[in-house]
Amino acid sequence: MPVVSDRVRDLHARMTLEEKLAQLVGYWLDQNGTVAPMQSEMAAGQQDSGQLPEITRHGLGHYTRVYGTRPVDPVERAAWLWAEQRRLKRETRLGIPALVHEECLTGLAAWQAATYPTPLAWGASFDPELVQEAARAIGDSMRELGIHQGLAPVLDVVGDPRWGRVDECIGEDPYLVGTIGTAYVRGLQEAGVHATLKHFAGYSASAAGRNHAPVSAGPRELLDVYLPPFEMAVRDGGARSVMNAYVDVDGVPMAASTEHLTGVLREQWGFDGVVVADYFAVAFLEVMHRVAADRGEAAAQALEAGIDVELPTGDAYLAPLTERLRAGLTDERLVDRAVLRVLAQKEELGLLEPDAFADEPPAEVDLDSPRQRALARRLAQESVVLLANDGVLPLAPAGAAGRARRVAVVGPNADRPEALMGCYSFANHVLAHHPGLPLGFEIRSVREALAAALAGDGAADAPEVVHAEGCTVEGDDTSGFAAAVEAAAGADVAVVVVGDQAGLFGRGTVGEGNDADSLELPGVQRQLVEALVATGTPVVLVLLTGRPYAIGWALDGEGPRPAAVLQAFFPGEGGGDAIADVLTGAVNPSGRLPVSLPRSAGTQPYRYLHPVLGGPSDVTSTDPTPVRPFGFGLGYTEFAYGDLAVDPSVDSAGSFEAAVTVTNVGAVAGTETVQLYGHDVVATVTRPVVELLGYARVDLEPGESRRVTFRVPTTRLAFADRRLTRVVEPGDVHVWVASHAEAAPRSAEVAGTNGAIRMARARAEREVAGTATERRVLTVTGGVHEVTAADARVVEVKVTAP
């Protein structure tokens, strides 16, 4: 049994079986449209919300998405919620309020709430401190509305960009996912809202990138790739809630995996929070996985494995489980274990206090405050990735020499605010079912934002901005090409904005249930770009997407190509302005790819963390080398690296230091994301040829230098050995600093004796001083030792004067 307070034990001791089970389920007050898999089928039998007193006569564990299922006025809804919580306290025998949970993956998923960049953009920022600050602001809004638990962050590690839920993920590197995700957990929980880690575990490894498909990942891959971000968020972030993954791994559904939900999560990591089911996941044990004969058996399997709360409803944990318990087929102690955890969570959140909901509900709220808007825009600015630039960017402002007199802004995503937001934004998740309703917050499209930025303060010589759609995101209609080509041909520069429309289950091109069998841009968008390039006008290609697409033709293809390429992963309500800021040079781009840019769909799944056999070779005609590697990103200045030093000794804490001097050798201020990589030279199992050990964002003025020092625990080099025990083995490790995962000495020429090197032009599109530094060898000594320390994953970074 979990360790709980005397108050919780006393409350539990007074509960009937019906009251216990009521605490283990949710009730979905409003169901409007489809926002969960198989929702219409699975929730068809739910009781009507008009009978709430009867439905909740024994109490209730969760209210499911009170604000986030349909557009509701937040003040009116808060008034209803406070009244409902007071009713539960007054009219149920034990007087326990319900816990309220909501989605918060791109900000609170509620009408009128600020919409932040999607998590893939968090990863592109490489800025955990900013993500934590944004999460705190999101949590503050949630707490103000009486929301206790947020269903975020997603800690699935991307392995296949064909998967529709890639935009919900942070990146393809476990350490990046873990550090950014842990920062989000800390921010949300600082606000008093419990974060829910999802989807535990292996969801993103589904076969061929298909949602809910089986997972064939081996136990070592789970241990080394998919589990570490969750461990970081539990051990280092103190996450209070975890949600299971829908998938089965090697034939065992995660919703019924005692090995993972109890053995790994609780017994190994010491997690003492609550595990909640992904929506309908318990019933899916019968319906989809077919490892249970009926709902009662599904409930028993999930409860025994460690799922404490069934969401979004009590389809299995109420009547079907009651029947099994009464028949003696399931041990009631499993119910007691879960109830104690749930009550302990409610106590921690203040729901068991006598004065809970004694205060008045908010009389007014601002869910899109200046603070929220500033954070959303700043995170969007830091997440924009410049992939190529022949000098056309930044666009010269009004009054400057060489400014454009006429700018064409074209493409299907140029003037659509919805194209800036991810699948779990309220706009694309819920409002899509309510056409005609306003978004409820301010958001400018790329066209609107760029026109305003180019106009400046109303300068007389501001360029004329013309617009043409060209085509839609989906479909094969090319009738709009002529107008777009005409607009581009008559302009000094053309900005073409293409990409995705996020949605769910067939509504859109990316998002939950919108998996892809091709990584070409949807519809006829590539043809539109090529037609615009053929005009001879310099073309700036801007991608607003939820996944990386195969755009090698735009970056490295033969013949005419766009003059510049910008990648933005659903940058949210401030995204249009952030892109305009980058295009005009008001912001120097600093985003880095959190996922490799694929060469083709046929080379997937691919992750930069591959052993030698996972890379290109002369024994296969298929080249998996990405078009742009993990960590890649250009800016409007250049940086040089020098004086790499790796301390070959390991201190008493089991850490080593690596330091490098970074200098801005360009003419404008900029931010360099310094990345520390390593490679275990010889190990008892195959290891990746390159692995991220740490990273740091460094802001530098022209000519300024900084010394960046990484203090890295050797446990960052841990892996699962042949016994499936995570260990650190003695031996040599190559360590180097670089600006992306492929910037390694094996593909570079040494330029000088200070450790700085110059990458080949074919690798980096342009010569970049200091793209990497020469490799140094660290020797880890001592016997094999198992990794158990709670802080084993933390890398300390210090930035000082050189």
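Preceding this section is the structure that the text describes.
No experiment lies behind these values; they were computed from the predicted model shown.

Trainee: I'd like to hear about the packing of aromatic side chains, residue by residue, with values.
Mentor: Centre-to-centre distance and the angle between the planes together describe a pair of aromatic rings. By the definition in use, this model includes 16 aromatic pairs. Note on W28 and Y279: the rings are 5.3 Å apart at their centroids and 65° apart in plane angle, and the pair reads as edge-to-face. Taken together, the residues W28 in strand β1 (residues 26-28) and Y279 in the loop between β9 (274-276) and α12 (281-287) connect sequence positions 251 residues apart. Classification of W28 as buried rests on a relative accessible area of 0%. Residue classification places Y279 among the buried positions, given a relative accessible area of 3%. Counting every residue linked through ring pairs, the aromatic cluster contains F126, Y175, Y608, F630, Y677, Y695 and W736. It is R77 that lies over the ring of W80; its NZ or CZ is 5.0 Å from the centre. Above the ring of Y424, the side-chain terminus of K198 is found at 5.3 Å from the ring centroid.

Trainee: I'd like a rundown of the nonpolar core, residues and numbers included.
Mentor: Ranked by internal contacts, the top residues of the largest apolar core, which has 257 residues, are Y63, F200, Y317, L393 and I551. The contact partners of Y63, leaving out residues within four places of it in the chain, are Y27, L29, L52, T56, W80, E84, R87, L88, A98, L99, V100 and H101.

Trainee: Summarise the pattern of salt bridges; cite the residues concerned and give the values.
Mentor: A side chain with one charge may pair with a side chain of the opposite charge, provided their charged atoms come close. Per the stated rule, a full pass over the model turns up 50 salt bridges. In this structure, E353 and R7 form a salt bridge, with 2.8 Å as the shortest nitrogen-oxygen distance. One end of the pair, E353, is in the loop between α15 (332-348) and α16 (370-383); the other, R7, is in helix α1 (residues 6-13), with 346 residues separating them in the sequence. The exposure class of R7 is partly exposed, given its relative accessible area of 34%. We note a salt bridge from R447 to D415, for which the minimum N-O separation is 3.0 Å. Taken together, the positions of R447 in helix α18 (residues 446-455) and D415 in the loop between β11 (406-410) and α17 (426-429) put the pair 32 residues apart, joining distant regions of the chain. The exposure class assigned to R447 is partly exposed, which follows from its relative accessible area of 23%. Through salt bridges that share partners, D127, E133, R378, E382 and R697 make up one connected network.

Trainee: Just give me the short version of the environment of A718, but keep the residues and values in it.
Mentor: Assignment of secondary structure puts A718 in the loop between β20 (705-713) and β21 (719-720). C-alpha of A718 to C-alpha of E729: the two residues are 11 residues apart in sequence and 7.6 Å apart in space.

Trainee: Any details on the sheet that holds β9? Residues and values, ideally.
Mentor: Read from one edge to the other, the open sheet built from seven strands follows the order β1-β2-β3-β4-β5-β6-β9, with strand pairing classed as parallel. At either margin of the open sheet sits one strand with a lone partner, and together these are β1 and β9. Summarising the sheet, strand β4 (residues 149-150) and strand β5 (residues 194-200) pair through two bridges and their orientation is parallel. Within β5, the position partnered with Q149 by the bridge is H194. The strands touched by α15 are β3 (99-102), β4, β5 and β9; relative to β9, the strand with the most contacts, the crossing angle is about 110°.

Trainee: Report on the packing of helix α7 (residues 128-144) against helix α8 (residues 174-190), specifying residues and quantitative values.
Mentor: Viewed as axis vectors pointing N to C, α7 and α8 meet at an angle of 35°, and their least axial separation amounts to 7 Å. Between α7 and α8 lies a crossing whose hand is right-handed. Contacts between α7 and α8 involve P128, V131, Q132, A135, R136, I138, G139 and M142 on the former and, on the latter, T179, I180, A183, Y184, R186, G187, L188 and E190. A per-class count over the contact of α7 with α8 returns nine nonpolar, four polar and three charged.

Trainee: Break down the sheet that holds strand β10 (residues 385-389) for me, with residues and values.
Mentor: Spatial ordering of the open sheet is given by β10-β15-β14-β13-β11-β12, a layout of six strands whose pairing is mixed. Both outer strands of the open sheet, β10 and β12 (464-468), are each paired with one neighbouring strand and no more. For this sheet, the mean angle separating the axes of adjacent strands, direction not counted, is 15°. When strand β13 (residues 493-499) meets strand β14 (residues 539-545), the two strands line up parallel, connected through six bridges.

Scoring rules and cut-offs
- Residues numbered from 1 in each chain as written.
- Predicted model: local features only at pLDDT ≥ 70, side-chain atom pairs only at ≥ 80, totals over all residues.
- Heavy atoms only, no water.
- Phe/Tyr/Trp six-rings, centres within 6.5 Å; stacked < 30°, edge-to-face > 60°.
- Helix = DSSP H or I, 4+ residues; strand = E, 2+ residues; numbered from the N terminus.
- Buried < 20%, exposed > 50% of the residue type's maximum accessible area, 1.4 Å probe, protein only.
- Lys NZ or Arg CZ within 6 Å of the ring centre and 35° of its normal.
- Core = buried A, V, L, I, M, F, W, Y, C linked by side-chain atoms within 4.5 Å.
- Contact = heavy atoms within 4.5 Å.
- Salt bridge = Lys/Arg side-chain N within 4 Å of Asp/Glu carboxyl O.
- Pairing = 2+ DSSP bridges.
- Axes fitted to C-alpha atoms, helices over the stretch in contact; angles between N-to-C directions.
- Left-handed = near helix turned anticlockwise from the far one by under 90°.
- Nonpolar A, V, L, I, M, F, W, Y, C, P; charged D, E, K, R; others polar.

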